[in-house]
Amino acid sequence: METPAAAAPAGGFFPSFLLLGFATLVAALLGAAHRLGLFYQLMHKVDKASIRHGGENVAAVLRAHGVRFLFTLVGGHISPLLVACEKLGIRVVDTRHEVTAVFAADAVARLTGTVGVVAVTAGPGLTNTVTAVKNAQIAQSPVLLLGGAASTLLQNRGALQAIDQMSLFRPLCKFCASVQRVREIIPTLRAAMAAAQSGTPGPVFVELPIDVLYPYFMVQKEMVPAKPPKGLVGQGVSWYLENYLANLFAGAWEPQPEGPLPLDIPQASPQQVQRCVEILSRAKRPLVLLGSQALLPPTPSDKLRVAVETLGVPCFLGGMARGLLGRSHPLHIRQNRSAALKKADVVVLAGTVCDFRLSYGRVLSRSSKIIIVNRNRKEMLMNSDMFWKPQEAVQGDVGSFMVKLAQGLQGQTWASDWAEELRQADRQKEQTFREKASMPVAEHLNPVRVLQLVEETLPDNSILVVDGGDFVGTAAHLVQPRGPLRWLDPGAFGTLGVGAGFALGAKLCQPDAEIPVMALIGNDAGWTQISREQVPCLGSNVACGLAYTGYHKAAMGLGAQGLLLSRESEDQVVKVLHDAQQQCQDGHPVVVNILIGRTDFRDGSIAV
């Protein structure tokens, strides 16, 4: 016989089930209220009479971070932030293609050590930036890309120029965020600016939908029907839209911190530095390869230069490190890098990567002790499992590491015959260049000779922006930047078309420099860098042949000065270059169309 106590659990099942159901319903309602912003709106009201807009918040953050220039191609999605930046004294620089705007921001980032900022409109405006953003990623340039977007309410509903922009930029950027409410603009941009500069620098992307940028009354006009709808469903939709709008602007103008967040920059540990000091102190034939990362903040270029001079080790300079030691420093070795690496017993790869530029590490000697320092661990160890092995791999800031290394080796000297051997090889290679410069070419001018004359006439305040293939590759051997941060090349991605944007950004940063208004075009009427290998290997010049186009005439049609150099003016090269410089000083942009022939200077140099 059952007792009443035994039957009690069965009788309590339904009340427990009802309690669980009620709790679930309450949780769902609370969750919905949170998603709709109802709780937030209880504490943060909406100023419906305000004419302020989200673009003002964008501009305030940029100003607080010391941003001086905003590059753009105008579009309705982003107009509020452009106007707000102008009002706060940030110079808005408009371009004629979005890719140029990003290249210009990239140049500002490299030359100033801050974040370069660009704003473009939604859809095709953003897709036009992809090449330049990828170039910035590989070159490790801190660039903030601000992208317009369709209204938050109309995402995935077929709005004008609406695409999945976040998926497009996540593989290209360190940080991607889409702002969904006006109050999120400031914290999101602060986080993006910090991410761009922390660790390994790189581009970041913030999507700004149109309804977080425009004033309340304009968004209300577009979002909420002018006449209240009839019927229960219509009223429900109207309530939802009104609440959506309120949540969009709730707390929008409440004061928030706008300034920079702390940066996370990795540093070498004292133990790592000491181990590297010990390795280098035992070297007989040490060598340093400095790459672009060495010029990143927080170490100023003059402090880095002192550290390199104090260290006293012969060095090769690449990327943004070109020009660090000036034009003719005894420690700067410029030619025969592969041969020097084979002979060195200790090699310091300071911001230099074992990618195609070092034959994936194959140019390093197996008997050499390799010290490598880089902010990015993956990049630092690239191909180390195949062609080379580091003796010491240091994940940290390159410039700071070099300063500490020099301090640890204070007073250390190395035999002078090693540096003299490298300098003698330099002199022999330069004699070869002079011989090639004197050789006649089949038509027009010898490019080696032209570039030697460019080197001789180059003013000390020039910034060299190099954009191209064969002519630029030749210039890298012959034309020397006069100081640090005076050489801008695309970087490892090898992008063509950076010239106009880089020159624009550089000119704004250093308005007294002799760019962007002087463009030297090595016009060889072809894609010579490609045809040099394609023709002998594959027997065809298909797609490589061009014409000796009158680029100087095109420049004149756009309002610039145009000059022509050809075989007929071979004895006038220096005069024409000086004339171009004078016109630059007078404020005129100049294009010098230099018709050049072909030489064997770079035979076998194609990189794939």
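Now for a quick tour of the structure. For clarity, every value in this text was computed on a predicted model and none was experimentally measured. (Residues numbered from 1 in each chain as written. Predicted model: local features only at pLDDT ≥ 70, side-chain atom pairs only at ≥ 80, totals over all residues. Heavy atoms only, no water.)

Structural notes on unusual backbone geometry
Geometrically, the link from Pro 297 to Pro 298 is a cis peptide bond, its omega value of 15 degrees lying close to zero. Looking at the element boundaries, Pro 298 is found in the loop between strand S7 (286–290) and helix H14 (301–311). A positive phi angle, close to 65 degrees, is found at Asn 383, a residue other than glycine. For Asn 383, the position within the fold is in the loop between helix H16 (377–380) and strand S11 (392–395). Notably, Ala 525 is not glycine yet its phi reads approximately 55 degrees, a positive angle. Relative to the assigned elements, Ala 525 resides in the loop between strand S14 (518–523) and helix H22 (528–538). (Helix = DSSP H or I, 4+ residues; strand = E, 2+ residues; numbered from the N terminus.)

Points about the packing of aromatic side chains
Applying the stated criterion across every chain yields a total of five aromatic pairs. Centroid distance Tyr 240 to Tyr 244: 6.0 Å. Interplanar angle 40 degrees. Geometry classified as tilted. With Tyr 240 and Tyr 244 both in helix H12 (residues 232–249) and four residues apart, this pair spans about one turn of that helix. Among the residues examined, Tyr 240 registers a relative accessible area of 37% and is labelled partly exposed. The positively charged end of Arg 322 is found above the aromatic ring belonging to Trp 487, 4.4 Å away from the centroid. Stacked on the ring of Phe 356, the Lys or Arg Arg 357 has its end atom at 5.9 Å from the ring centre. (Phe/Tyr/Trp six-rings, centres within 6.5 Å; stacked < 30°, edge-to-face > 60°. Buried < 20%, exposed > 50% of the residue type's maximum accessible area, 1.4 Å probe, protein only. Lys NZ or Arg CZ within 6 Å of the ring centre and 35° of its normal.)

Some details on the pairing of strand S2 (residues 91–94)
Within a regular strand, the side chains alternate between the two sheet faces. With four bridges joining them, strand S1 (residues 69–73) and S2 adopt parallel strand pairing. The residue of S2 that forms the bridge with Phe 69 is Arg 91. On the question of chirality, the crossover connecting S1 to the parallel S2 by way of helix H5 (residues 79–87) is right-handed. (Pairing = 2+ DSSP bridges. Right-handed = clockwise from strand over helix to strand, strands pointing away.)

Comments concerning the environment of Cys 584
Relative to the helices and strands, Cys 584 is located in helix H24 (residues 573–585). For Cys 584, a relative accessible area of 11% puts it in the buried group. For the pair Cys 584 and Gln 561, spaced 23 residues apart in sequence, the C-alpha separation works out to 9.3 Å.

Topic: the sheet that holds strand S9 (residues 346–350)
One open sheet accounts for five strands, arranged S8-S7-S9-S10-S11; its pairing is parallel. Each end of this open sheet is capped by a strand with a single partner; those strands are strand S8 (315–317) and S11. When the angles between neighbouring strand axes are averaged without regard to direction, this sheet yields 10 degrees. Each of S7, S9, strand S10 (369–374) and S11 touches helix H17 (residues 398–408); the most contacted strand, S10, lies at about 130 degrees to it. (Axes fitted to C-alpha atoms, helices over the stretch in contact; angles between N-to-C directions. Contact = heavy atoms within 4.5 Å.)

Digging into helix H6 (residues 98–112)
Its 15 residues place the ends of H6 21 Å apart at the C-alpha level, agreeing with the 21 Å of an ideal helix rising 1.5 Å per residue. Most of H6 is tucked away: 14 of the 15 residues are buried. Positive phi appears at Gly 113, one or two residues downstream of H6, with a value of about 75 degrees. (Expected span 1.5 Å × (residues − 1).)

Looking at a nonpolar patch on the surface
Taken together, the side chains of Leu 496, Trp 527, Ile 530 and Leu 546 define a hydrophobic patch exposed on the protein surface, amounting to about 390 Å² of accessible area. Residue classification places Leu 546 among the partly exposed positions, given a relative accessible area of 47%. (Patch = residues over 30% accessible without salt bridge, like charges linked within 9 Å, V, L, I, M, F, W, Y side chains within 5 Å. Areas by Shrake-Rupley, 256 points an atom, 1.4 Å probe, with all protein chains shown as cover. Salt bridge = Lys/Arg side-chain N within 4 Å of Asp/Glu carboxyl O.)

As for the pattern of salt bridges
All told, the structure shown has 17 salt bridges when counted by the stated rule. Salt-bridge contacts for Asp 460 lead to Arg 482; the nearest nitrogen and oxygen are separated by 3.8 Å. Here Asp 460 is found in the loop between helix H19 (447–457) and strand S12 (464–465), whereas its partner Arg 482 is found in the loop between helix H20 (470–478) and strand S13 (487–488), with 22 residues between them in sequence. You can call Arg 482 buried: its relative accessible area is 12%. If you follow the salt bridges from partner to partner, you end up with Arg 327, Glu 455, Asp 460 and Arg 482 in one network.

Details of empty space enclosed by the protein
The tally for this structure, following the rule as stated, stands at two cavities of 30 Å³ or more. Within this model, the largest cavity holds a volume of roughly 100 Å³. Secondary structure elements with two or more residues in the lining of the largest cavity: H19, H20 and H22. Among the residues forming the lining of the largest cavity, the class breakdown is five nonpolar, five polar and five charged. Its volume calculated, the second largest cavity comes out at about 40 Å³. Taken together, the residues that form the lining of the second largest cavity break down as six nonpolar, one polar and two charged. (1 Å grid on protein atoms, 1.4 Å probe; cavity = no way out; pocket = protein on both sides within 12 Å on 5 of 7 lines; lining within 4 Å. Points joined across faces, edges and corners; volume = space filled by probe spheres on them. Nonpolar A, V, L, I, M, F, W, Y, C, P; charged D, E, K, R; others polar.)

Section: the nonpolar core
Within the largest apolar cluster, 68 residues are counted, with the highest numbers of intra-cluster contacts made by Phe 71, Val 118, Leu 280, Leu 290, Phe 401, Met 402 and Leu 405. By residue number, the principal contributor to this core is H6, which donates nine residues. Setting aside residues no more than four positions away along its own chain, Leu 405 makes contact with Val 273, Cys 276, Val 277, Leu 280 and Leu 311. Grouped together as the second largest cluster of nonpolar side chains are 42 residues, Ala 119, Tyr 214, Leu 245 and Phe 249 included. (Core = buried A, V, L, I, M, F, W, Y, C linked by side-chain atoms within 4.5 Å.)

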